[in-house]
Amino acid sequence: MEPSDQESPKLMEASSNISSAAEKGEATRQQQQSNNNNRCALTVDEVIEEHIGALGFSQILHALLVSIAWTFDAQTTLVSIFSDAQPAARLVATGAIVEGSSLCGFSTQEWEWVGGKSDTIVAEWNLICQHKFLVALPSTLFFIGSLFGSGVYGYLADSWFGRKKTLFLSCLLTFVTALAISFSPNVWVYAFLRFANGFFRSGIGSCCIVLATEVVGKKWRGQVGQYGFFFFTLGFLSLPLMAYLERNSWRNLYRIISFLPLGYALLLLPFAYESPRWLLVKGRNKEAMVVLKKLARLNGKQLPADLSLVDPIPTRDDQTSSPESFWKTKWAVKRVLMVMMAGFGSGFVYYGIQLNAENLNFNLYLTVAVNALMEFPAVFIGSFLLGVMNRRPLFSNSSYLAGISCLLCAVLSLHRVTRAISVAKWLQLAVEAFGFMASSTAYDVLYVYCVELFPTNVRNFAVSLLRQAFMLGASAAPLLVALGRDNAMMSFLVFGVASVLSGVVSLWLRETRNAPLYETLTQQGKAEEMGNATEHS
């Protein structure tokens, strides 16, 4: 064999080794480059925790700015306590005060309304006797409107409009419908406009709490979520004062509260940020980075120049992949049904106790003011407990306390009890106020709990479904309150049982304290499956 023939295989082997080494070197360089890129690509949670700060000046300012809108949510929701109340009447001949149910035995010439015919809709349109159940119709339709509107706004906030634009739209349309209500010619137009007002204001609460909590670290989500309820309380507390000043005209009361959301939408809301999580999910990465950089700058920090965000939807450019469907994701559907069941009972009791204030033997302005004041300790206690307790037992125990308080109020409403105990009515007011504080805590905690139970791409929709459940429960409350005018014990009894049951339902929900906020259904489903497997192993 010739030398050239013997060397040829060796040369080929050497060439192969050199080529293989070159390929390995290239692969190593690509891997190192990929690792470097991965080190600079972070999730929104990681950017907030590592570079912006879990809670700083920028997040507090942003949360307060968006939470102010809860004030108008409270006013439009609870204004009917005064505008739809049954005023005092007196006999023309003697001046004696007559109860509403007793007026049916007199002709309209024999009695008159003490405050005139313009102080409430009951006085203006004589909604008594055979027409007394019409008083409950506007409030019921308001909450039914809120039920439908919550679903629509939830879809808009998660899809096309985003959180900020949806909030602006809701405030603007709340102004239009509230102002229109003040020109209602009869109870039927009034009821329809209350339905429209409920529909259009329903985007305020869900957008506010999501906007406020999506820019803070996981440790502070519960506390920041309570900011909105503080402003809701301010709105609630402002109502007795405004109603007293305009006690002779329910129409002027509506005109006053109508202009507040308009001023907010035009003067304050433009300074709030869109949610960077929503921007990222929609593929608007540059805009998400701009928001995060502004938050960091106000906190006195600066994001790394080479930082990028992890795309939560890696198959975004894959034409064969289908978008995630909420209703085809079994764990999400099961979870939201449980949340809605708990929300129905919670909303029924929370709004029911407030509306039922007229069935206590007390001055209406005083009773509402006491209930409003009890919201403050509920907010502060809720904020503290959210920082040290798990969400599930906090909600369920608050619901149990509210239910027990309502059952005690039912007992104290019995005539033989009021005759036997001289201070029974004061005791009933105290127990009712404590029960309202507990129901307020449960209501507030469930909002925060729902935010943490679902990922970014359906979070606003899930919170809107919870709000629908709240409103469905609230829509049943006015009917029970109307029944309570003749039987106060029955109304409190039903409220008590409903509150206890809502606490029981929540025991099947997952605990979320200190859990990360996920961006997509798939991401959260996989993470929770891994967590369950780790717990069982």
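This text goes with the structure placed above it.
What you are looking at is a predicted structure, and each value in this text was computed from that prediction instead of being measured.

About the cut-offs
Within any chain, residue numbers begin from 1 and follow the written order of that chain's sequence. Reporting of local features is limited, given that this is a predicted model, to residues whose pLDDT is at least 70; pairs of side-chain atoms are given and counted only at 80 or more, and all residues count toward the totals for whole chains, interfaces and linings. Heavy atoms throughout the structure, all of them, feed into the side-chain values; hydrogens and water do not. Put simply, buried Ala, Val, Leu, Ile, Met, Phe, Trp, Tyr and Cys residues joined by side-chain atoms within 4.5 Å make one nonpolar core. Think of it in three bands: with a 1.4 Å probe and only protein chains considered, a residue is buried below 20% of the maximum accessible area for its type, exposed above 50%, and partly exposed in between. Going along the chain from the N terminus, every DSSP run of H or I of four or more residues is numbered as a helix, and every run of E of two or more is numbered as a strand. Two residues form a contact once any of their heavy atoms are found within 4.5 Å. Polar contact is the term for a pair of N or O atoms within 3.5 Å; when the atoms are in protein, one must be able to donate a hydrogen and the other to accept it, and sequence-neighboring residues count only if both atoms are side-chain atoms. Pairing between strands requires that DSSP locate at least two bridges from one strand to the other.

K.L.:
In this structure, what is going on with the nonpolar core? I would like to understand it.
P.N.:
Among the nonpolar cores identified, the biggest contains 128 residues, and Leu167, Ile209, Tyr351, Tyr447 and Phe454 are the most heavily contacted of them. Broken down by element, the residue count for this core peaks at 12 residues, all from helix α21 (residues 456–484). If we skip the residues at most four places from it in the chain, phenylalanine 454 touches Phe326, Ala332, Arg335, Val336, Val339, Arg459, Ala462 and Gln524.

K.L.:
When you look at the environment of threonine 174 in this model, what are you seeing that I'm missing?
P.N.:
As for its placement among the helices and strands, threonine 174 is situated in helix α8 (residues 162–181). Note on threonine 174: relative accessible area 0%, which makes it buried. Distance from threonine 174 to phenylalanine 259, taken between C-alpha atoms, is 9.2 Å for residues 85 residues apart in sequence. If we skip the residues at most four places from it in the chain, threonine 174 touches Thr76, Asn197, Phe200, Arg201, Ile204 and Pro261. A polar contact is formed between the side chain of threonine 174 and the backbone oxygen of serine 170, at a distance of 2.6 Å.

K.L.:
Would you mind going over the environment of glutamate 511 with me for this structure?
P.N.:
Its place among the elements puts glutamate 511 in the loop between α22 (488–505) and α23 (521–536). The partly exposed category is assigned to glutamate 511, whose relative accessible area is 23%. Once the C-alpha coordinates of glutamate 511 and proline 393 are considered, the two residues, 118 residues apart in sequence, prove to be 9.1 Å apart. One polar contact links the side chain of glutamate 511 to the main-chain amide nitrogen of arginine 391, over a distance of 2.8 Å. In this structure the side chain of glutamate 511 is engaged in a polar contact, spanning 3.1 Å, whose partner is the backbone nitrogen of arginine 513.

K.L.:
How should the sheet that holds strand β3 (residues 97–98) be read in this particular structure?
P.N.:
On the basis of which strands lie adjacent, the open sheet formed by 3 strands has the order β3-β2-β4 and antiparallel pairing. Looking at strand neighbours, the two that pair on one side only are β3 and β4 (111–113), the edges of this open sheet.

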